[in-house]
Amino acid sequence: MAGVRSLGALSRITAKRYNVLSDISCRTFSVAPAMSARTHVNYEVKEDVAVIRMNDPTSKVNTLSVQMQNEMIEVFNEVLANDAVQSAVLISSKPGCFIAGADINMIQACNTSEEVTKLSQEGQKMFARIENSPKPIVAAINGPCLGGGLEFAIACQYRVATKSKKTVLGTPEVMLGLLPGAGGTQRLPKMVGIPGAFDMMLTGRNIRADKAKKMGLVHQLVDPLGPGLKSPEERTIEYLEEVAIQCAKGIVNKKISLTKEKGMMQKVQDYVMGIEFVRQQIYKTVTAKVMKMSKGLYPAPLKIIESVKAGLEQGPDSGYLAEAQNFGKLAMTSESNALIGLYHGQVACKKNRFGVPERPVKNLAILGAGLMGAGIAQVTVDKGIHTVLKDTTVEGLSRGQQQVYKGLNDKTKKKTITSFERDFTLASLTGQLDYSGFEKADMVIEAVFEDLNIKHRVIKEVEAVIPPHCIFATNTSALPIKDIAAASIRPEKVIGMHYFSPVDKMQLLEIITTDKTSKDTTASAVAVGLKQGKVIIVVGDGPGFYTTRCLAPMLAEAVRLLQEGVDPKKLDALTTGFGFPVGAATLADEVGIDVAAHVAEDLGKAFGSRFGGGNVEVLKTMVEKGFKGRKSGKGCYVYTPGLKSKDVNPDIEDVLGKYKLTPNPLVSSDSDVQYRLVSRFVNEAVMCLQEGILNGPVEGDIGAVFGLGFPPCLGGPFRFVDTFGANKLVEKMKRYEEVYGNHFTPCQLLLDHAKDSSKRFHK
Amino acid sequence: SLCTSNIISNILPPVSLWTGTAVRYLDKKESVKPVISTGSEQRKVQTKSKKTLAKPGVKNIVLVEGVRTPFLLSGTTYADLMPHDLARAALQGLLHKTSLPKDAVDYIIYGTVIQEVKTSNVAREASLGAGFSDKIPSHTVTMACISSNVAMTTGVGLITAGQCDTIVAGGVEFMSDVPIRHSRKMRKTMLALNRAKTLGQRLSLIGSIRMAHLTPELPAVAEFSTAETMGHSADRLAAAFGVTRLEQDEFALRSHTLAKQAQDAGLLSDVISFKVPGRDTVAKDNGIRPSSMEQLAKLKPAFIKPHGTVTAANSSFLTDGASAVLIMSEEKALAMGYKPKAYLRDFVFVSQDPKDQLLLGPAYGTPKVLARAGLTMDDIDVFEFHEAFAGQIMANLKALDSDWFAQTYMGRKVKVGAPAMEKFNLWGGSLSLGHPFGATGCRLVTTVAHRLLKEGGQYGLVAACAAGGQGHAMVIEAYPQ
C-alpha cells in the first residue's frame, strides 16, 4: 500500500513538472509578440529551439507574398542573431496548410521578364541563406507544401511531414506555364535524383507524404492524431511541432545525422547519373517525351529541362542564373498567362455564386444506370450523400453498379482508399428498379436516353412520387431544358445538369437554368456539383446550351474536312497540333457517331444553315453501317480491345466517297484546316456570350477547356480572341466565309472586338 | 482490516428473493454503528454502504467463484497445448474450487479472439474435455479483448430472462499457436485441386503454383477497417492526449510493482495451479517483471518510429491463459449452499470510431455505467481497468478527467473525473499479469470481487477497451459477508 501511495506522489510530481515547463514556454511566448508588430511570421523560443510560425491572417492559405517574405527574412535574422537559439523549426499555425505556393499576383504584377527574374533571384537568395544557415532549420509540414512552399522546405536542413491526406508536396508551376523559380530546379535533382525531379517538375503532380518519404523528399513522418484534450487538427499541429523540435535538437546534438548513409541502390544510381552520357540520354528522352505530349506548344517543360541541365552540367551559378532567367521569360509568355487565367477561372468556378441552398441534398436519386448515371453515382456516393441508382432492367442496373464498384475498387488498388472505405462508401448506394424511397429524395438526376418523349414520361412518373421540395435535374447534352420542363408541374424545380463522360474523370459540370428555374434550385444544383468535385459553369437554356453548341459547328466542319478528303489521322494530327488533347476524328468516335448525328440534326434544325458544313447524312450512313464510334468498336477508326493503337476504318472510304466534296485549295492549307475548325468553335462561344447564354468570358473559357478540351495553352476561346486578336480572326473567317458562306460569318460581338482593339474579354 | 460489509454480513441472514430490499433496509440501520466505532477510512466505506444496487423486479445475479490458469508469456510452458486445454484447466479448477456437481450447470459460454479452427466452438470442446455433462450446451463468443465480458453478460442475460440459473462463463486465448494460413491464391488452387477430376487437370493446377502462392498469411493484430495495428493506434492516442513516455513508463512500472507485491502477498487467489502435460506444474504468472525507470527508458518505440512513446515494456504482452467464473442467480446459489462473492450489477457495452478512438472504451463506458447504476466516481471503492497499453490507460484517465472531452465527444455537461489512483488496479493489471485477449474480462471481474472482499469496499468498477473501437464497463457490488 505504501508503494502505491508513493507512486501516487510520483505522478503528482510529474504533473507539477509539466506545469513548470508550460509556465516557461508561456513566458517566452509573451515576450515574442512584444518585440514587433509582425502579422504573418512570428517566433517563440522553446528551450534552445526557435519555433517560427507562419500565418497569413488575410487568407485561408499561406502564400509566399511580399509581406510573408519580408517578415520571414526579419525573423530569420533575429533567430540567427539570438544566442539562445541553436536551431529552428518552421511551421504554419494554419491547420491544414503549410505554404500553398508563391503569390501568383506578385508575378502577374510584373511588366517585364527582368522584373520577374529579379523576383526569382531574391527568392533564390533567401533560400540560399536558409540552406547555408549555421543553425539547422526543420520544416514541419502539415497540409499543402507546394511550389514556392516546397522550395522553401527543401532549402531547410530537415523535413518532417504529417501523414494527413491534406499533406501534399509538389511543384505545380508547370501547370501555370512556369518553373520552380526559387532554386527548385537546382535542389530537387540532388534530393530525389534526376528522373524523380523531372517527373515532379514536368507533371506538377501532388505527392503524398508517404511517397515523399520514400523519394527522400522528407525525412520523417508524423501521424495525424484523433480526438484528445484538444481538437484533432490543433493537437496534430502541436504534436508535429513537438516532433520537429525533437528533430531540431537531435540535429544540434548530432543524434540525427544530416548526411544519410547511402544504400546500395542509391550508390549505383549516383554512379550511373555521374556518367555524362547517361545524363545526356536522359535529357534527350525527357525532351522527346515532352515534345510528343506538348506538341511543342508549352514552353515551360522545355525551360525546366534547360534549367536542370544548366545546373548539372555547368555548375550551380549557371544553373541558378538559368532558372531565374527562364522563370522571367516564362512569366511573360501567352501560355503562362493563359494557364494562370484558367487557374483563376477554375477557382472562381469552384464557388457557389447562388448562395447556400435552403436545404442540403442528403438523398439523391439517379435514373438510368448507364455510363452517365453510374458515373454520377460514383462521384456522389463517396461524398456522404445517400445515392439511389435506379434502372428499368436488372442487367442495366448490375452493369451500373459494377461500374461504381470498379471505380472505387481501382482507387483501392491505387491505395488512395482502403478496401474498407470502398465498402463503407458503397453502403450508401442503393440499386433498385422501382421508385421506392423516392419520397425521401432531395434531388433526382435523370440520365435516361436522350429522347424528349422518354424524358417527359420519366418526369411525370418521378413527380408523382417525390416530395415537394425535391429538385428534378436532367442530364442532357442538347435537349433544351424548357422543352423537358414543359411536362413538369413545378418547372421552378427543374434544372439541367450536363455531365461529361467519363464523369469521374471530366472535371466540368454545365448547369443549365431556364427562366423558370428558381435561384434556390440553382444554388442546390451547384452545391451538389461542388460536392462532387466539379468545376461548374452555369449557363442559360437553349439548344446545345454552351458546350454542345460550340462543339457542333466544329464537328460539322470536321465532317466537311473528311468529305473533302482529309484523312482522319491527318485531321487528328492537325487538331492535336493546335493543342486539343484529342483529335477531332477521335473525339467524334468518343462522343459517339450516333450522338453526333443526333446533335447535328437537332442543332441544325434549331440554328439553321449556319450550323451546316459537313453533310449530316455522312454520320447517319455511318450509324446505319454500325460505325457508332468507340462503343461499337468501329467509327472513324477500328478499335481492337486491348490494343492502344488504332487504324482508320477502311469502310468509311465508301461512305465518304459517296459524299465527296472537292476542297478549295485557297482555304485548305494545314493552317487553314486548323483555323476553320477553331474559328467556328470560337465564334459560337462568343455568340453564346452575346446572347446571354454565358454569364461571362471566364465561364466560357473554363467550359471550353475543361469540358471540350479546348487547348489549355490558349486559355479558352475568349482568351484566345484576346491573345490572337479579334481582327485577325475575323479576317480569317471572312476569307472562309467567301468560300463557305454563313458557316463562317463572325458574330456581332466578335466584330465589335475586331473593330476596337482596346476591347478585351479579359482585363 | 475489518470493514462495514463484513460487519453487516455477520448480522444478515442468508435469505430470499427480497435480499436486495432487506439489505437496503438493514444498511440504513447499520450505518450508524461503525461511525462510532472506527476511524475515517471505515467511515468513508460505511457511508457508501447505505444502498445496494438491487432493482425491484430484477433478479440478483452473483459471482460465486472465479479462477484462472496462470497467465504465461506466449511460447513458454504452455507452448505445446491447444486452446481448449487451457480452457479445460480453468474449468476443472473451477469445479475443484467450488465442488460443483458436473451436471449442475445450465449453460457454458466461452470467449476467445484468435480461433483455433479445429475447435472453433472452444466452449464445447473444453467443457466436454473438462468432464462436464455432455447434456450441457455451450457456445463461444467473440468481441476482441472483452470476449469473456460478453460471455459473462450473456450468462447474466440468460439468468435474468429466467432461462438458466447456473452459468459457467470464461475466456481463453492461446497465442503460442495461431492459425497461419496459406495465401488466398494457394487456397484457391488447393480447393480447385480437390475438385479436379482428371490427372491432367490436377497437373495443370499444380503447375500453376508460383512462388507467390507460398507466402503465408499471418493473423494481423491490426484493425480490419483501418489496417492500423493496435500499438500504432495506442501511440497516436497517447500523443493525442499528450501522454508522455515518462508517464507511460511510470504507469508500467507501477503495474509490475503492484503485481509483484500482490503475487508475493498471495493476493492473486484466483490463480489455480496447473500441471501442464509433459511439463512442470505452473502456479504463477510469469510476465511480472518489475524493472527500473532507467531500464524502461532504454527501450526504443515499438510502433511509431523514431518519435513514438509506446514500447514493448509499456504495452501488454502476448499471453496464453484461460479463466472461468461461476455465475448464478442469488436464490440458486444460496439454495446450493454457496456463499457468493459479489453481485454483478449494471453493465454497458460501448463503441466508437475504430480509427482515432480505438482504445477509449473505458472513457465512454465508465460514465454511462455509473449513470445507469446511479453512482458517482467517488462511490467506487475498487477500479479494475484493462491495461492494454500504459498510454491507453493514461489517455482514458485524461479523457475521464476532461470537461472538454466530455462535452465535445460524450455529450455530457461535465466530466465524471478520473478514478483515484489509490483505488486503481492495485494488484497489477494486463501490463504485468498478462493479457490473454479472450480471458482478461473474467480476471477483471474476479479481481474486483476479491479486492472488495479484501479491502472492504462496496462497489467495484470494471472497464475495458477492445479492438473495433468497442468497450465494456460493469459495476460490481460486494456481497454482504
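Residues numbered from 1 in each chain as written. Chains lettered and ligands numbered in written order. Predicted model: local features only at pLDDT ≥ 70, side-chain atom pairs only at ≥ 80, totals over all residues. Heavy atoms only, no water.

The condition that has to hold: UniProt positions are given in the numbering used here, feature names are shortened, and annotations may be inferred rather than shown by experiment.
As annotated in an unreviewed UniProt entry, chain B carries the name Trifunctional enzyme subunit beta, mitochondrial and is attributed to Oncorhynchus tshawytscha. Of chain B, the UniProt comment under Pathway (unreviewed entry) reads exactly: "Lipid metabolism; fatty acid beta-oxidation." Looking at chain B in UniProt, the text filed under Subunit (unreviewed entry) is "Heterotetramer of 2 alpha/HADHA and 2 beta/HADHB subunits; forms the mitochondrial trifunctional enzyme. Also purified as higher order heterooligomers including a 4 alpha/HADHA and 4 beta/HADHB heterooligomer which physiological significance remains unclear. The mitochondrial trifunctional enzyme interacts with MTLN. Interacts with RSAD2/viperin."

In the nomenclature of an unreviewed UniProt entry, chain A is known as Trifunctional enzyme subunit alpha, mitochondrial of Oncorhynchus tshawytscha. Listed under Subunit (unreviewed entry) in UniProt, the entry text for chain A is "Heterotetramer of 2 alpha/HADHA and 2 beta/HADHB subunits; forms the mitochondrial trifunctional enzyme. Also purified as higher order heterooligomers including a 4 alpha/HADHA and 4 beta/HADHB heterooligomer which physiological significance remains unclear. The mitochondrial trifunctional enzyme interacts with MTLN." The Subcellular location (unreviewed entry) comment attached to chain A in UniProt states, word for word, "Mitochondrion inner membrane".

## Regarding the UniProt feature "domain: Thiolase C-terminal" (unreviewed entry) in chain B
The following threshold applies: Every helix listed is a DSSP run of H or I at least four residues long, and every strand listed is a run of E at least two residues long, numbered separately from the N terminus.
In the numbering adopted here, UniProt assigns the feature "domain: Thiolase C-terminal" (unreviewed entry) to residues 338-477 of chain B. Across residues 338-477 of chain B, helical content stands at 36% and strand content at 21%; the span's end C-alpha atoms are separated by 17 Å.

## Side note on the pattern of salt bridges
Residues and elements named next belong to chain A. Here is the rule we go by: Here a salt bridge means any side-chain nitrogen of Lys or Arg lying within 4 Å of a carboxyl oxygen belonging to Asp or Glu. The buried label applies to any residue whose accessible area, calculated with a 1.4 Å probe on protein chains only, is under 20% of its type's maximum; exposed applies above 50%, and partly exposed to all values in between.
Counting across every chain of the model gives 59 salt bridges over all chains. Of the charged contacts in the structure, one is a salt bridge between glutamate 131 and arginine 187, with a shortest N-O distance of 3.2 Å. With glutamate 131 in helix α4 (residues 113-131) and arginine 187 in helix α6 (residues 184-192), this pair connects stretches of sequence that are 56 residues apart. Judged by its relative accessible area of 35%, glutamate 131 falls in the partly exposed class. Of the residues examined, arginine 187 reaches a relative accessible area of 5% and is grouped as buried. Two residues, glutamate 557 and arginine 676, come together in a salt bridge whose shortest N-O distance is 2.8 Å. On the criterion of sequence distance, the pair formed by glutamate 557 in helix α21 (residues 547-563) and arginine 676 in helix α27 (residues 670-690) is long-range, its members being 119 residues apart. You can call glutamate 557 buried: its relative accessible area is 0%. Judged by its relative accessible area of 0%, arginine 676 falls in the buried class. Each of Glu557, Arg560, Glu564, Arg676 and Arg680 takes part in a single network of salt bridges with overlapping partners.

## A word on the UniProt feature "site: Important for long-chain enoyl-CoA hydratase activity" (unreviewed entry) in chain A
All names here are of chain A. Note the following rule: The criterion used for residue contact is that any of the two residues' heavy atoms lie within 4.5 Å.
Per the UniProt entry, the sites bearing "site: Important for long-chain enoyl-CoA hydratase activity" (unreviewed entry) are Glu151 and Glu173 in this numbering. Spatially, the listed residues are clustered: although they cover 23 residues, their C-alpha atoms lie within 11.3 Å of one another. Within the element layout of this structure, glutamate 151 appears in helix α5 (residues 148-155). The class of glutamate 151 is buried, set by a relative accessible area of 3%. The residues contacting glutamate 151, other than those within four sequence positions of it, are Phe127, Glu173, Pro180, Gly181, Ala182, Gly183, Gly184 and Arg187. Here glutamate 173 shows up in the loop between β9 (168-170) and α6.

## As for the side chain of B:Asp235
All names here are of chain B. The line we're drawing: When charges are counted, Lys and Arg contribute as positive and Asp and Glu as negative, whereas His and the chain ends are disregarded. As used in this structure description, the phrase polar contact means that two N or O atoms lie within 3.5 Å; if the pair is within protein, one of them must be able to donate a hydrogen and the other to accept it, and residues adjacent in sequence are counted only when both atoms belong to side chains.
Mapped onto the elements, aspartate 235 comes out in helix α10 (residues 230-240). No salt bridge is formed by the buried aspartate 235; its nearest oppositely charged neighbour, arginine 245, is found at 8.4 Å. Among the polar contacts made by the side chain of aspartate 235, one reaches the main-chain amide nitrogen of threonine 309 at a distance of 3.0 Å. When neighbours within four sequence positions are excluded, aspartate 235 is seen to be in contact with Ile304, Gly308, Thr309 and Val310.

## Here's the deal with the interface of chain A and chain B
Bring the parts together and some accessible area is lost; that lost area is often taken as the interface size. The criterion, for reference: Joining two parts hides part of their accessible area as seen by a 1.4 Å probe, and the buried area is that hidden amount summed over both. For this classification, the nonpolar set comprises Ala, Val, Leu, Ile, Met, Phe, Trp, Tyr, Cys and Pro, the charged set comprises Asp, Glu, Lys and Arg, and every other residue, Gly included, is treated as polar.
Taken together, the contact between chain A and chain B spans 28 residues of the former and 26 residues of the latter. Interface of chain A and chain B: buried area, both sides summed, is about 2,400 Å²; carbon and sulfur atoms make up 66% of it. Across the contact surface, chain A and chain B share zero salt bridges. Taken together, chain A and chain B are joined by four residue pairs in polar contact (both at pLDDT 80 or more). Contributing elements (two or more residues each) for the side of chain A that touches chain B: α1 (2-35), β11 (220-222) and α9 (232-252) of chain A. Looking at the side of chain A that touches chain B, the element that brings in the most residues is α1(A), giving seven residues. Grouping the constituent residues of the side of chain A that touches chain B by class yields 14 nonpolar, nine polar and five charged.

## Section: the packing of aromatic side chains
Each aromatic ring pair is specified by the distance between its two centres and by the angle formed by the two planes. Note the following rule: A pair of Phe, Tyr and Trp rings is counted when the ring centres sit within 6.5 Å of each other, with Trp represented by its six-membered ring. The angle between the planes then sorts it: under 30 degrees is stacked, over 60 is edge-to-face, the rest tilted.
One pass over the structure, following the stated rule, counts 27 aromatic pairs over all chains. Ring centres of A:Phe718 and A:Phe761 lie 5.0 Å apart, and the angle between their planes is 80°; this geometry places the pair in the edge-to-face category. On the criterion of sequence distance, the pair formed by A:Phe718 in helix α29 (residues 717-724) and A:Phe761 in the segment after α31 (748-755) is long-range, its members being 43 residues apart. Residue A:Phe718 shares its accessibility class with A:Phe761, and that shared class is buried. With a centroid separation of 6.4 Å and an interplanar angle of 80°, the aromatic rings of B:Phe303 and B:Phe389 are classed as edge-to-face. Pair noted here: B:Phe303 is in the loop between α12 (293-298) and β8 (319-329) and B:Phe389 is in the loop between β10 (382-385) and α15 (390-400), with a separation of 86 residues, a long-range link.

## A short note on the sheet that holds strand β19 (residues 535-540) of chain A
All names here are of chain A. Note the cut-off: The pairing criterion is simple: DSSP has to find at least two bridges between the two strands. Angles run from 0 to 180 degrees between N-to-C directions of axes, and those axes are lines fitted to C-alpha atoms, restricted for helices to the stretch in contact.
Taken in spatial order, the eight strands make up an open sheet running β14-β13-β12-β15-β16-β17-β18-β19, and their pairing is mixed. Strand pairing shows two members of the sheet lacking a second neighbour, β14 (429-432) and β19, which therefore form its edges. When the angles between neighbouring strand axes are averaged without regard to direction, this sheet yields 25°. Its contacts with the sheet put helix α16 (residues 394-413) on β13 (386-390) and β14, and the angle it makes with β14 is roughly 165°.

## So, the side chain of B:Asn149
All names here are of chain B. Turning to its location among the elements, asparagine 149 is positioned in helix α7 (residues 147-160). Taking the relative accessible area as the measure of exposure, asparagine 149 reaches 0% and is therefore buried. Not counting residues within four places of it along the chain, the set of residues in contact with asparagine 149 comprises Phe349, Gly441, Val462 and His472.

## Topic: the UniProt feature "site: Important for hydroxyacyl-coenzyme A dehydrogenase activity" (unreviewed entry) in chain A
Residues and elements named next belong to chain A. The positions that UniProt labels "site: Important for hydroxyacyl-coenzyme A dehydrogenase activity" (unreviewed entry) are, in the present scheme, His498. Positionally, histidine 498 belongs in strand β17 (residues 494-499). For histidine 498, the residues in contact, after removing those within four places along its chain, are Asn475, Thr476, Ser477, Leu508, Leu509, Glu510, Ile512, Phe545, Thr547 and Thr548.

## Some points on the sheet that holds β9(A)
Residue and element names in this part refer to chain A. Taken in spatial order, the three strands make up an open sheet running β7-β9-β10, and their pairing is mixed. Each edge of the sheet is formed by a strand with only one pairing partner; in this case those strands are β7 (145-146) and β10 (207-208). Direction of pairing for β9 relative to β10: antiparallel, over a ladder of two bridges. Looking at the pairing, valine 168 lines up with arginine 208 of β10.

## Let's talk about the pairing of β8(B)
Residue and element names in this part refer to chain B. Extensive coverage of β8 is indicated by the burial of 11 of its 11 residues. Of the two faces of β8, the one holding Thr319, Gly321, Ser323, Val325, Ile327 and Ser329 and the one holding Asp320, Ala322, Ala324, Leu326 and Met328 are both buried throughout. Relative to β8, strand β1 (residues 61-68) runs antiparallel, the two sharing seven bridges. Note that in β8 the partner of isoleucine 61 across the bridge is serine 329. Bridge count between strand β5 (residues 166-173) and β8: eight bridges; the pairing is antiparallel.

## Structural notes on the nonpolar core
All names here are of chain A. Filter applied, for reference: Side-chain atoms within 4.5 Å are what join buried Ala, Val, Leu, Ile, Met, Phe, Trp, Tyr and Cys residues into a set we call a nonpolar core.
Ranked by size, the top nonpolar core spans 99 residues in total, and within it Val444, Tyr546, Leu571, Val686, Phe710, Phe720 and Leu750 carry the most contacts. When residues in this core are grouped by element, the largest group, 11 residues, is from α27. Residues contacting valine 686, with those up to four places away along its chain left out, are Phe718, Val721, Cys747, Leu749, Leu750 and Phe761. Membership of the second largest hydrophobic core comes to 69 residues, among which are Ala153, Val218, Tyr283 and Ile305.

## Focus: the UniProt feature "domain: Thiolase N-terminal" (unreviewed entry) in chain B
UniProt's feature table lists "domain: Thiolase N-terminal" (unreviewed entry) at residues 61-331 of chain B, given in the numbering used throughout. Taken as a whole, residues 61-331 of chain B contains 36% helix and 15% strand, while its terminal C-alpha atoms sit 9 Å from one another.

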